[in-house]
Amino acid sequence: MRMQAILLEAGQPLYLAQRPVPSPGPGQLLLRVQACGVCRTDLHILDGELPPPSRPLVLGHQVVGEVVALGEGVEGWRLGQWAGVPWLGWACGVCRYCRRGQENLCERALFTGYHLDGGFAEYTLAYADFAYPLPEGYAPVELAPLLCAGLIGYRSLRLAGAAQRLGLYGFGAAAHLLVQVAVYQGREVYAFTRPGDTRAQQLARALGAVWAGGSDQAPPQKLDAAILFAPVGPLVPKALQDVDKGGVVVCGGIHMSDIPSFPYALLWEERVLRSVANLTRQDGLEFLRLAGEVRLRPVVQVYPLEAAPQALEDLRAGRVEGAAVLQVC
Ligand SMILES: [Zn+2]
Ligand SMILES: [Zn+2]
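Notes on the structure in this doc start here. (Residues numbered from 1 in each chain as written. Chains lettered and ligands numbered in written order. Predicted model: local features only at pLDDT ≥ 70, side-chain atom pairs only at ≥ 80, totals over all residues. Heavy atoms only, no water.)

**Thoughts on the packing of aromatic side chains**
The line we're drawing: A pair of Phe, Tyr and Trp rings is counted when the ring centres sit within 6.5 Å of each other, with Trp represented by its six-membered ring. The angle between the planes then sorts it: under 30 degrees is stacked, over 60 is edge-to-face, the rest tilted. Only DSSP runs of H or I with at least four residues qualify as helices, and only runs of E with at least two residues qualify as strands; both kinds are numbered from the N terminus onward. Partly exposed describes any residue whose relative accessible area lies between the buried limit of under 20% and the exposed limit of over 50%, with all areas from a 1.4 Å probe on protein chains only and scaled to the type maximum.
Taken as a whole and assessed by the stated rule, the structure comprises 7 aromatic pairs. On the numbers, 5.8 Å between centres and 20° between planes, the contact of Trp-87 with Tyr-114 is stacked. Of this pair, Trp-87 sits in the loop between strand S5 (82–85) and strand S6 (88–90) while Tyr-114 sits in the loop between strand S7 (110–111) and strand S8 (123–127), and the two are 27 residues apart along the sequence. Assigned by exposure class, Trp-87 and Tyr-114 land together as buried. With 6.2 Å between their ring centres and 50° between their planes, Tyr-264 and Trp-268 make a pair best called tilted.

**Some remarks on helix H5 (residues 173–184)**
Worth spelling out the cut-off: Expected helix span is taken as 1.5 Å per residue step, with the number of steps being one fewer than the number of residues.
The terminal C-alpha atoms of H5, which comprises 12 residues, lie 18 Å apart, in line with the 16 Å expected from a rise of 1.5 Å per residue. Of all 12 residues making up H5, 9 are buried, and the element is well covered by its neighbours. Within H5 the residues assigned to the buried category are Ala-174, Ala-175, His-176, Leu-177, Leu-178, Val-179, Gln-180, Val-181 and Ala-182. Just beyond H5, the residue with positive phi is Gly-186, at close to 85°.

**What to know about the coordination of the zinc ion (ligand 2)**
Geometrically, a metal with four donors at the corners of a regular tetrahedron has ideal angles of 109.5 degrees, and one with six donors at the corners of a regular octahedron has ideal angles of 90 or 180 degrees. Which entries qualify depends on this criterion: For Na, K and Ca the donor cut-off is 3.2 Å; for every other metal, N, O and S atoms count as donors within 2.8 Å. Water does not enter the count, which can leave sites looking incomplete. Any coordination sphere not matching a tetrahedral pattern (four donors, all angles between 85 and 135 degrees) or a square planar or octahedral pattern (four or six donors, opposite donors over 155 degrees apart, other angles between 65 and 115) is reported as irregular.
Here the zinc ion (ligand 2) is held by the protein donor atoms Cys-92 (SG), Cys-95 (SG), Cys-98 (SG) and Cys-106 (SG), which lie 2.3 to 2.4 Å from it. Classification of the site at the zinc ion (ligand 2) rests on its 4 donor atoms, whose angles at the metal span 104 to 116°, yielding the label tetrahedral. Between consecutive donor residues of the zinc ion (ligand 2), the sequence gaps follow C-x2-C-x2-C-x7-C. Of this pair, Cys-95 sits in the loop between S6 and helix H2 (96–99) while Cys-106 is found in the loop between H2 and S7, placing the two residues 11 residues apart along the sequence. The residues Cys-95 and Cys-106 share a single accessibility class, namely buried.

Put into structure tokens, the structure is as follows:
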């Protein structure tokens, strides 16, 4: 059997190709892809900011698919069930990071749509132990952005601590989901967008932010924590300036432009600056349980599979409201 897939090959623009449908190895699921989210990390791989592997690669690490075949030894999954596949495609379970509950830092981790072929295709494989059952009441195109934007957002929020006044910098796929979670938890959200992006500011207010403005503006009061989703290094000192004593600034992206030097006074008074890398399965289980309790309203811009290059360019240019998602079948 053959399938359509979007391939990334060094030195070439993305292209649509026919490939054999893969067969599941031990511990793997074969999924018929229904939808796959498009993430800024896909752009970082495309642009070589994360070095791409030396073989043709299928991008996409927010995969929603129907289980159509089970590899040897798979337990706890049945045919016809929907599965969600995130960025963490596999971890070794035995390295010192895995053993202390930090499988997100695993030395041998395999990431979906990077080391493993991802969801910009009609079929894909996933390790059953790293795939998630999905909450009910959502369409596949709504579930897809939960699997990276939602999940990395959730991990960032967890690491930001018990902040009451929370700033979100960069109001795209992750922030538009996280504002809904934070409001549900009784927090106040301050949304910072590209300067002059009134459409994103309107969306932030409509989703419950108490304040929305440009990232060049100061919030009306000091924040307890700030989460940066925009991959823009100069926002780090800006966010440190916006948080109160003891406040936390979390960098939620996998890549960021250089952070300019800044006076120590911005970090003084026990402000904390940290990054978030990847996710653990525990983050995924907790977040998807929450998404089953609260009906999140993902705002999605939907593209057909063959329009993946367009979706990525729209994301780069800031033309996507909420999350870009490929609807595959
Ligand atoms: Zn992602
Ligand atoms: Zn490991």
